[in-house]
Amino acid sequence: MKSSELYARAVKLMPGGVSSPVRAIKPHPFYTLAGRGGRIVTADGQDLIDCCMAYGPLLLGHAHPAILAAIRSQLEKGWLYGTPTPLEPEMAGLIRGDYPSMELMRFVSSGSEATMSAIRVARGFTGRSDIVKVEGGFHGAHDAVLVKAGSGATTLGVPDSAGVLPDLTRHTLQVPYNDPSSLEDTLARNGDVAAFILEPVLGNIGPVLPERKYLDEVRSITKAHDVLLIFDEVITGYRLGRGGAQGLYGIRPDLTTLGKIVGGGLPIGVFGGRREIMDYVAPCGPVYQAGTFSGNPLSLAAGIATIRYLQENSDIYNRLDDMAQTIGEAVHDSGGKGSFVQLGSMFKYFFREKPPRNYREAKESDTGAFAGLWKEMLSRGIFLPPSQFETNFLSAAHTDEDIEAIATGYQECLS
Ligand SMILES: *Cc1c(COP(=O)(O)O)cnc(C)c1O
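What this report covers is the structure whose coordinates are included nearby. All values reported here derive from a predicted model rather than from experimental measurement.

Here we look at the site of the ligand
Here comes step 1: Within the structure, the ligand sits among Ser110, Gly111, Ser112, Phe138, His139, Gly140, Glu199, Asn204, Asp232, Val234, Ile235 and Lys260.
Here comes step 2: Take Gly111: an N or O atom from its main chain is 2.8 Å from an oxygen atom of the ligand.
Here comes step 3: Here an oxygen atom of the ligand sits 2.6 Å away from a polar atom, N or O, in the side chain of Ser112.
Here comes step 4: Protein contacts shield 83% of the accessible area of the ligand, which totals 380 Å² for the unbound molecule.
Here comes step 5: Across the shell around the ligand, the residue classes tally to three nonpolar, six polar and three charged.

This is how it looks when you write it as structure tokens:
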């Protein structure tokens, strides 16, 4: 069946025909039959170079042999027990090695669940009610954080969601990214803040990069006000290096959330941090948190295989950075009027003259021009995430020919 026919069926059965709003491409999305390496094959017989990589998790590419073998071997032994497994201490030890700030951690099933739980622990530990987040920061689709969130929420222009109680979101305060003084003001005026949660590098409107010293200032301001600092590294964890943004910038947050890459492409979330805070989590402490699928053996097997592969192939991050820079050079040569923002294997071409520093500036981008670029690139066999505000992700499986094709595509489309 072709994509148009599949969509006609799906739209009668599912809201918008999709399982997550960002996938709702007009007039209809393409349907994927298979993925291998840096490419996907569609129901319409197209073989596309994938710059979306499932919105980040697939750092090693589609169907990576090492991960496939790990999943297969676990499958033979069953895939869910409802008891602890040896995979849990193994995985926790690997993560702790890369994220020393995560002294204790818990495995959950999604990034949303990880941030929801981290916020609950922060409130339980401090006994305070409010949280501060960054405008345009995305932390999943739960009530407390659906306020000026990025990702699909930004594309659809629904910074707030119907069905979220104002009584709840009045406990969620906003500050602009890259603006330490408004964080300082907010914390000085409000003594009831449990935590400041942020993506250290904004990944859901961009990427938008931290200015020099911003993250250091964030660390010292939160410390001075005795407010917990939560780094949401669901995208940046294992993406900007094995140690994520905290390793790259040398910051020690109080709590961290991971997801996406750390599950090797299977559903996962992790939250963890300082021992005295995580000791509040049940059964040690009074903050309740539980899940049937938590510590899922398949996700942990895939995650362990991913981390071990990265340990053995430490050159991957340099190669990813080189590939993204090659694309950046082609964009510069094209003479386009927008701005190219890149950090490691995350990159984006913004239809805005200067790289945005925050949500408000990112929103000034010309989304109509982006839609044109997106279509042109697709017709050249290159699948970009379908929004000006979703980051492009490269994988270690992209070949030099793939990168060459992406670079040429940008150059031709932008000149
Ligand atoms: C994707 C994402 C989440 C949500 O993770 P899910 O697994 O989709 O629930 C949370 N925070 C950030 C920074 C993300 O990019």
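Observations concerning the sheet that holds strand 8 (residues 228-232)
Here comes step 1: Taken together, the seven strands give an open sheet; going across it, the order is 4-10-9-8-7-5-6, and neighbouring strands pair in mixed fashion. Because the sheet does not close on itself, it has two edges, and the strands there are strand 4 (104-108) and strand 6 (172-175). On average, each strand axis in the sheet is tilted by 20° relative to the strand beside it, whichever way the strands run.
Here comes step 2: Where strand 8 lies against strand 9 (residues 255-259), three bridges are found, and the strand directions are parallel. In the strand pairing of strand 9, Ile230 is matched with Leu255.
Here comes step 3: Strands strand 4, strand 9 and strand 10 (269-273) of the sheet are contacted by helix 3 (residues 87-98), whose axis makes an angle of about 120° with strand 4.
Here comes step 4: Taken strand by strand, helix 8 (residues 214-224) contacts strand 5 (130-134), strand 7 (193-198) and strand 8, and its axis lies near 170° from that of strand 7.

Describing the packing of aromatic side chains
Here comes step 1: Under the counting rule described, the total for this entry stands at seven aromatic pairs.
Here comes step 2: Centre to centre, the rings of Phe30 and Phe383 are 4.9 Å apart; their planes meet at 80°, and the pair counts as edge-to-face. In this pair, Phe30 sits in the loop between helix 1 (3-13) and strand 1 (32-36) while Phe383 sits in strand 13 (residues 382-383), placing the two residues 353 residues apart along the sequence.
Here comes step 3: On the basis of relative accessible area, Phe383 is assigned to the buried category, the value being 9%.
Here comes step 4: Arranged with centres 6.3 Å apart and planes meeting at 70°, the rings of Phe347 and Tyr410 form a pair that is edge-to-face. Placement of the pair is Phe347 in strand 12 (residues 346-350) and Tyr410 in helix 15 (residues 400-414), with a sequence separation of 63 residues.

As for unusual backbone geometry
Here comes step 1: Pro27 follows Lys26 through a cis peptide bond whose omega is -5°.
Here comes step 2: The residue Pro27 is located in the loop between helix 1 and strand 1 in this model.
Here comes step 3: Following Ala282, the chain continues to Pro283 via a peptide bond in cis, the omega torsion being 10°.
Here comes step 4: Mapped onto the elements, Pro283 comes out in the loop between helix 10 (275-278) and helix 11 (297-312).
Here comes step 5: One non-glycine residue, Tyr55, lies in the positive phi region at around 65°.

Quick notes on the rules
- Residues numbered from 1 in each chain as written.
- Predicted model: local features only at pLDDT ≥ 70, side-chain atom pairs only at ≥ 80, totals over all residues.
- Heavy atoms only, no water.
- Near = heavy atom within 4 Å.
- Polar contact = N/O pair within 3.5 Å; in protein donor to acceptor, adjacent residues only side chain to side chain.
- Areas by Shrake-Rupley, 256 points an atom, 1.4 Å probe, with all protein chains shown as cover.
- Nonpolar A, V, L, I, M, F, W, Y, C, P; charged D, E, K, R; others polar.
- Pairing = 2+ DSSP bridges.
- Helix = DSSP H or I, 4+ residues; strand = E, 2+ residues; numbered from the N terminus.
- Axes fitted to C-alpha atoms, helices over the stretch in contact; angles between N-to-C directions.
- Contact = heavy atoms within 4.5 Å.
- Phe/Tyr/Trp six-rings, centres within 6.5 Å; stacked < 30°, edge-to-face > 60°.
- Buried < 20%, exposed > 50% of the residue type's maximum accessible area, 1.4 Å probe, protein only.

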